[in-house]
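Structural overview for review
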Amino acid sequence: PDVSIPRRFYPVKPDVVLGTYDDGTPGLAACKVGKSVNFFSGPWQLDQKLISLIYEKCKVHVYCDTGDPTEASDSLVTVHTRDAGRKRIRLPRKATVVDVFNHRLVAEDTDTFEFDAPMHASYLFYYGPDAKKLLNELKKPAPKKMKKGIDDDQVGETAGSGALGCHVAHQAPF
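Notes on the structure follow. Remember, it's a predicted structure, so these values are computed and weren't measured experimentally.

Time to look at the layout of surface pockets. Space inside the largest pocket adds up to approximately 420 Å³. Looking at the lining of the largest pocket, the elements with two or more residues in it are α1 (48–57) and β4 (70–72). Here the lining of the largest pocket is built from residues that sort into 10 nonpolar, five polar and four charged.

Structure, rendered in structure tokens:
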């Protein structure tokens, strides 16, 4: 962002200076350490274009390039949409993809899929080798009541008693 930020911390010997504080000291810099590149940023907020450039230079796999917060593992991708619109997810390999929250098959044998999303929505996609098995489990009906647990009628009574130390808002569907 194009803002003036007072200097707090700065790298002493960066390999590359990408931006400076008002006084000319490095505020955004890169330093090669072994086979990796470390980035330092004094400002807390980086421009999405700069982040994308860093990903590209470092050959990072980008699951979603719309600037939406995205977390991923070897079989899960979660996206929290900042803005409404079309989203494209790129997986590191072809897989069957399941929308965990909505209990539906998204795609089979693909490394890319798209979906339309409203603003401020969250999605969890599973693309592990047993995706179809997970989908079958998700589609099973939820139990009516928990065994030896709290049902909806007891929530108000137990929440204030201190017996459990927690408040149960609802029972998960799976």
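From this point, things continue past the structure.
Let's shift gears to helix α2 (residues 131–138). Within α2, the full set of buried residues consists of A131, L135 and L138. Buried residues along α2 cover an arc of 60° about the axis, so they all sit on one side. Away from its buried face, by an angle of more than 90 degrees, α2 presents the exposed residues K133 and N136. Elements that come into contact with the buried residues of α2 comprise β6 (85–99), β7 (104–117) and β8 (122–126).

By secondary structure assignment, the location of L91 is in strand β6. The class of L91 is buried, set by a relative accessible area of 5%. Between the alpha carbons of L91 and S75 there is a distance of 9.4 Å; along the sequence they are 16 residues apart. Contact partners of L91, with chain neighbours within four places excluded, come to H61, Y63, V77, V97, T110, D111, F113 and Y127.

To continue, consider the sheet that holds strand β5 (residues 76–80). Note: strands within a sheet are paired through backbone hydrogen bonds, in either parallel or antiparallel orientation. Spatial strand order, β4-β5-β8-β6-β7: five strands in an open sheet with antiparallel pairing. This sheet does not close on itself; its edge strands, each paired only once, are β4 and β7. When the angles between neighbouring strand axes are averaged without regard to direction, this sheet yields 15°. Across five bridges, β5 lies against β8 in antiparallel orientation. For H80, the partnering residue across the bridge sits in β8 and is S122.

On to the pairing of strand β2 (residues 26–33), then. Inspection of the sheet shows strand β1 (residues 16–20) paired to β2 by four bridges, in the antiparallel sense. Across the sheet, the residue bridging to T20 is P26, located in β2. Counting the residues in the hairpin turn of β1 and β2 gives five residues, including G24, whose phi is positive at 95°. Direction of pairing for β2 relative to strand β3 (residues 36–41): antiparallel, over a ladder of six bridges. Its bridge partner being in β3, A30 is matched across the sheet by F39. If you look at the hairpin formed by β2 and β3, you'll find two residues sitting between the two strands, and G34 has a positive phi there, around 65°.

Attention shifts here to the side chain of T78. Within the fold, T78 resides in strand β5. When its relative accessible area of 16% is taken as the criterion, T78 is described as buried. Separated by 2.9 Å, the side chain of T78 and the backbone oxygen of Y123 make a polar contact. Discounting chain neighbours no more than four positions away, the residues touching T78 are P69, T70, E71, Y123 and L124.

Definitions and cut-offs
- Residues numbered from 1 in each chain as written.
- Predicted model: local features only at pLDDT ≥ 70, side-chain atom pairs only at ≥ 80, totals over all residues.
- Heavy atoms only, no water.
- 1 Å grid on protein atoms, 1.4 Å probe; cavity = no way out; pocket = protein on both sides within 12 Å on 5 of 7 lines; lining within 4 Å.
- Points joined across faces, edges and corners; volume = space filled by probe spheres on them.
- Helix = DSSP H or I, 4+ residues; strand = E, 2+ residues; numbered from the N terminus.
- Nonpolar A, V, L, I, M, F, W, Y, C, P; charged D, E, K, R; others polar.
- Buried < 20%, exposed > 50% of the residue type's maximum accessible area, 1.4 Å probe, protein only.
- Arc of directions from axis to C-beta.
- Contact = heavy atoms within 4.5 Å.
- Pairing = 2+ DSSP bridges.
- Axes fitted to C-alpha atoms, helices over the stretch in contact; angles between N-to-C directions.
- Polar contact = N/O pair within 3.5 Å; in protein donor to acceptor, adjacent residues only side chain to side chain.

Just geometry here; none of it tells us what the structure is for.
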